[in-house]
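Listed below, chain by chain, are the residues.
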Amino acid sequence: MIRFPLILLVSTLFLNPLVSCATAQQLSNEETKRLLWITEEEKLASDVYHYLYDIWALKAFSNITASESQHQLAMQELLSRYSLSDPRKDVLGQFSNPDLQQLYDDLIAQGSESLEQALYVGAMIEELDIVDLQKATNLSSREDIRQVYEQLIQGSVNHLQAFMRQIEMRGFSYTPQYLDLESFKSFLVTR
């Protein structure tokens, strides 16, 4: 069972109480854009895994869905700190960002085809999360944001490892879609 280290995530949110006075004006346009994207991307992961669990009843999907909820709470805290409106819609499978809406639609269609495809979808989502979180980390000048992103990267690495165990256990093979092969292999090494 994969469990995201919630205590580590929550502790990063309270490292600097002065940050609670921060405003969106202190963020660059790119930082704001990334915060909103990552927030909805975390919802996408949760919603896809919820949908796939309903089809395939594979416990890994429900375990990781629970972890993705914690990721969303971390992002919600950052949005609140910087006085940004939460872009997430309350309805499962609905997104404010049209690109994420299309990605969700494509991923659930692929994941509905077979358990093999559903596991590939899980691995792809975690790869994409890692790539996007790494970019967002590199583009942010705010230490509190960077710390949360780094914790989310570790969570995504854990999830990627869990999906790869499921894939390999069933005799399937997976080729990385977003990470280069060397980076992908490095994330599969137990940390």
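Starting afresh in each chain, residues are numbered from 1 along the sequence in its written order. Confidence filtering applies because this is a predicted model: local features only for residues at pLDDT of at least 70, side-chain atom pairs given and counted only at 80 or more, and all residues used for totals across whole chains, interfaces and linings. Heavy atoms throughout the structure, all of them, feed into the side-chain values; hydrogens and water do not.

### Quick notes on unusual backbone geometry
Now for step 1: Positioned with a positive phi, Ala57 is a non-glycine residue whose angle comes to about 55°.
Now for step 2: Only DSSP runs of H or I covering at least 4 residues are called helices, and only runs of E covering at least 2 are called strands; the numbering of each starts at the N terminus. Tracing the backbone shows Ala57 in the loop between helix H2 (29–56) and helix H3 (59–81).
Now for step 3: One non-glycine residue, Ser83, lies in positive phi territory at about 55°.
Now for step 4: Tracing the backbone through its elements, the reader meets Ser83 in the loop between H3 and helix H4 (98–111).

### Here we look at the packing of H2 against H4
Now for step 1: Direction vectors running N to C along H2 and H4 enclose 20°, while the axes themselves pass 10 Å from each other. The pairing of H2 with H4 is recorded here as roughly parallel in orientation. Crossing geometry of H2 relative to H4 is assigned as right-handed. Of the residues in H4, those in contact with Trp37, Glu40, Glu41, Leu44, Asp47, Val48, Tyr51, Leu52 and Trp56 of H2 are Asp99, Leu100, Leu103, Tyr104, Leu107, Ile108 and Gly111.
Now for step 2: Residues are grouped as follows: Ala, Val, Leu, Ile, Met, Phe, Trp, Tyr, Cys and Pro are nonpolar; Asp, Glu, Lys and Arg are charged; every other residue, Gly included, is polar. The class makeup of the residues in the contact of H2 with H4 is 11 nonpolar, 1 polar and 4 charged. Axis definition: a line fitted to C-alpha atoms, limited for helices to the stretch in contact. Angles are taken between N-to-C directions and run from 0 to 180 degrees. Orientation labels follow simple angle bins: below 35 degrees gives roughly parallel, above 145 gives roughly antiparallel, 65 to 115 gives roughly perpendicular, and whatever is left gives oblique. By the definition used in this description, the sense in which the near helix is turned from the far one sets the handedness, with an anticlockwise turn below a right angle giving left-handed and a clockwise turn giving right-handed. Contacts are assigned to residue pairs that have any heavy atoms within 4.5 Å of one another.

### Comments concerning the packing of aromatic side chains
Now for step 1: Two rings from Phe, Tyr or Trp (for Trp, the six-membered ring) form a pair when their centres are within 6.5 Å of each other. A pair whose planes differ by under 30 degrees is stacked, one over 60 is edge-to-face, and the rest are tilted. Inspection of every chain in the model, using the stated rule, returns 6 aromatic pairs.
Now for step 2: Ring geometry for Tyr49 and Phe163: centres 5.3 Å apart, planes at 50°, overall tilted. Here Tyr49, found in helix H2, pairs with Phe163, found in helix H6 (residues 143–169); they are 114 residues apart in sequence, far enough to count as distant.
Now for step 3: Measuring from centroid to centroid gives 5.6 Å for Tyr120 and Tyr174, while their planes differ by 45°, and the two rings are tilted. On the criterion of sequence distance, the pair formed by Tyr120 in helix H5 (residues 115–139) and Tyr174 in the loop between H6 and helix H7 (181–188) is long-range, its members being 54 residues apart.
Now for step 4: Remark: exposure states derive from per-residue accessible area (1.4 Å probe, protein chains only) relative to the maximum for the residue type, with buried under 20%, exposed over 50%, and partly exposed in between. What makes Tyr120 buried here is its relative accessible area of 12%.
Now for step 5: A relative accessible area of 11% places Tyr174 in the buried class.
Now for step 6: One aromatic cluster is present, built from ring pairs that chain together Tyr49, Phe61 and Phe163.
Now for step 7: Put simply, a charge is over a ring when the Lys NZ or the Arg CZ is close to the ring centre, within 6 Å, and near the line of the ring normal, within 35 degrees. The side chain of Lys43 reaches across the aromatic face of Phe95, ending 4.5 Å from its centre.

### Quick notes on H2
Now for step 1: For H2, built from 28 residues, the straight-helix expectation of 40 Å at 1.5 Å per residue is met to within 8% by its first-to-last C-alpha distance of 40 Å.
Now for step 2: Following H2 by one or two positions, Ala57 has its phi on the positive side, about 55°. Here the expected length of a helix is defined as 1.5 Å per residue gap, with one fewer gap than residues.

### Re the packing of H2 against H3
Now for step 1: It is at 8 Å that the axes of H2 and H3 come closest, and there the two elements cross at 160°. In this view, H2 runs roughly antiparallel relative to H3, as classed from their interaxial angle. The interaxial crossing formed by H2 with H3 has left-handed handedness. Facing H2, whose interface residues are Leu35, Leu36, Ile38, Thr39, Glu42, Lys43, Ala45, Ser46, Tyr49, His50, Leu52 and Tyr53, H3 presents Lys59, Phe61, Ser62, Ile64, Thr65, Glu68, Ser69, His71, Gln72, Met75, Leu78 and Leu79.
Now for step 2: Grouping the amino acids of the contact of H2 with H3 by side-chain chemistry returns 12 nonpolar, 8 polar and 4 charged.

### Thoughts on the nonpolar core
Now for step 1: Ranked by internal contacts, the top residues of the largest apolar core, which has 51 residues, are Leu35, Leu44 and Val48.
Now for step 2: Considering each element in turn, this core owes the most residues, 12 residues, to H5.
Now for step 3: Ignoring any residue separated from it by four or fewer positions in sequence, one finds Leu35 in contact with Leu27, Met75, Leu78, Leu79, Leu84, Ile145 and Tyr149. Grouping buried Ala, Val, Leu, Ile, Met, Phe, Trp, Tyr and Cys residues that are joined through side-chain atoms within 4.5 Å yields what is termed a nonpolar core.

### Examining the confidence of the model for the chain
Now for step 1: For every residue, the predictor reports its confidence as pLDDT, a number between 0 and 100. With 86% of its residues at a pLDDT of 70 or more, the chain has an overall mean of 88.
Now for step 2: Across the chain, H4 holds the top mean pLDDT of 98, while helix H1 (residues 6–13) sits lowest at 42.
Now for step 3: Residue range residues 1–21 is modelled with pLDDT below 50. Its contacts to residues more than four positions away, or to other chains, number 36 contacts.

### Observations regarding the pattern of salt bridges
Opposite charge on two side chains makes pairing possible when the charged atoms of those side chains draw close.
Now for step 1: Just to be clear on terms, a salt bridge is a Lys or Arg side-chain nitrogen sitting within 4 Å of an Asp or Glu carboxyl oxygen. In the structure shown here, the tally under the stated rule is 6 salt bridges.
Now for step 2: Across the pair Glu77 and Arg81 runs a salt bridge, and its minimum N-O distance is 3.6 Å. Of this pair, Glu77 and Arg81 both sit in helix H3, 4 residues apart, which is roughly one turn of the helix.
Now for step 3: Residue classification places Glu77 among the partly exposed residues on the basis of a relative accessible area of 26%.
Now for step 4: Given the relative accessible area of 5%, Arg81 is considered buried.
Now for step 5: With a shortest N-O distance of 3.9 Å, Arg142 and Asp144 are connected by a salt bridge.
Now for step 6: Note on Arg142: relative accessible area 21%, which makes it partly exposed.
Now for step 7: Connected through salt bridges with shared partners, the residues Glu77, Arg81, Arg142 and Asp144 form a single ionic network.

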